[in-house]
Amino acid sequence: MSQDEYFSVRAAMRINVEPLADNQPQPDADGFMAEIPAPFRLASQCGQLDTDVEKDLQSVDPDDASALFRILQTQNEKLTLMMGYMLSHEDQPEHRFITHTFGASRFSYLSPSPLEHGVHARVKLFLDHPPTAIYCYGVVTDCERHDDDENNQPHYLIQIQYTRLLEEDQDTLIRAALYHQQKLLRKRARDRKQSSS
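1. Quick notes on the packing of aromatic side chains
Enumeration according to the criterion identifies 8 aromatic pairs in this entry. With a centroid separation of 5.6 Å and an interplanar angle of 55°, the aromatic rings of F40 and Y135 are classed as tilted. Of this pair, F40 sits in helix α2 (residues 38-58) while Y135 sits in strand β6 (residues 132-148), and the two are 95 residues apart along the sequence. Taken individually, F40 and Y135 each receive the classification buried, so the pair is uniform in this respect. Consider the rings of F97 and Y109, whose centres lie 4.8 Å apart with planes at 45°: the pair is tilted. Within this pair, whereas F97 is found in strand β3 (residues 96-103), its partner Y109 is found in strand β4 (residues 106-111), the two being separated by 12 residues in sequence. For the pair F97 and Y109, one class covers both residues: buried. Members of the aromatic cluster, connected to one another through ring pairs, are F32, F40, F126, Y135 and Y137. Over the ring of F126 we find R14, and its NZ or CZ is 4.7 Å from the ring centre.

About the criteria used
Residues numbered from 1 in each chain as written. Predicted model: local features only at pLDDT ≥ 70, side-chain atom pairs only at ≥ 80, totals over all residues. Heavy atoms only, no water. Phe/Tyr/Trp six-rings, centres within 6.5 Å; stacked < 30°, edge-to-face > 60°. Helix = DSSP H or I, 4+ residues; strand = E, 2+ residues; numbered from the N terminus. Buried < 20%, exposed > 50% of the residue type's maximum accessible area, 1.4 Å probe, protein only. Lys NZ or Arg CZ within 6 Å of the ring centre and 35° of its normal.

By themselves, these observations are geometric and do not establish any function.
Have a look at this one:
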């Protein structure tokens, strides 16, 4: 499946976007692997373990092993809290933005400053569900001006396509996009039900 085939969802997610300096190339595949900060590497590995454990837990009847199930859930919540604390130190306020849309191949966000097409950027994505963070690189593929009616300030909708992204992190983005899509569909179904009653 090519990256263009992944869908995007509209969702607000905290990100850091740090454009690379002029003529600074993004790292090659080996350089990228060596550069990933330890908390992001750990988050990626934990995410993969969580996926494997979730599959195993689905085959266990909670009534048959309710105490074990609660213990495992509690341990997982503790690890998630510790991981969240570690990753919060990787968030750089000077590079912080909120996504407009995101998916497993690209994301977009609003910025007060434009970025030129083809500019490469170091990116950190901080996901709420699953609670993790992703370190990657991307390239600006679009930048459109959006005027802010309230403050008379221009804003730019910038779209970035991933260029360096771990395969397991792409899987995490797919799961996150599906979660937000299902959440949106449930909300629409509730709204329809309320408007018809």
